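# Observations on the model geometry
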Amino acid sequence: TASTVARVVHSKFINKNTKVLVVSIFVAMNLHFMVEPILDGVPYLFSMFCLINGLTYQYLITRNKMKISSKNL
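Now for a look at the structure at hand. (Residues numbered from 1 in each chain as written. Predicted model: local features only at pLDDT ≥ 70, side-chain atom pairs only at ≥ 80, totals over all residues. Heavy atoms only, no water.)

## Quick word on the overall build of the protein
Along its length, the protein carries 4 helices and 0 strands. C-alpha extents for the protein along the principal axes are approximately 50 × 20 × 15 Å. A burial count over the protein gives 22% of its 73 residues as buried. For the protein, contacts bridging at least 24 residues in sequence account for 50% of all contacts bridging at least 6. (Helix = DSSP H or I, 4+ residues; strand = E, 2+ residues; numbered from the N terminus. Buried < 20%, exposed > 50% of the residue type's maximum accessible area, 1.4 Å probe, protein only. Contact = heavy atoms within 4.5 Å.)

Here's what the structure looks like:
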């Protein structure tokens, strides 16, 4: 998760609004994980975190593919 967020922040091809959104969601969820045992209390939040992390990772892969295909043109 930390590597996904770092890759989003350091990417030149992702706009600033998307970076702010991704970082704020990850920070908010990590802060929420610190105050309660997440798998005992709210497992749905943990599954939502996994879903958002997967979506962010796939977004990075798609942006990289678009960057590579635009260089080949």
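We are not done yet, so read on.
## A word on the packing of aromatic side chains
Scanning the entire structure with this criterion turns up 1 aromatic pair. Seen from their ring centres, Phe26 and Phe49 are 5.6 Å apart, and the 75 degrees between their planes marks the pair as edge-to-face. With Phe26 in helix H2 (residues 16–35) and Phe49 in helix H4 (residues 43–72), this residue pair connects regions lying 23 residues apart in the sequence. Summarising the burial analysis for this pair, Phe26 and Phe49 share the class buried. (Phe/Tyr/Trp six-rings, centres within 6.5 Å; stacked < 30°, edge-to-face > 60°.)

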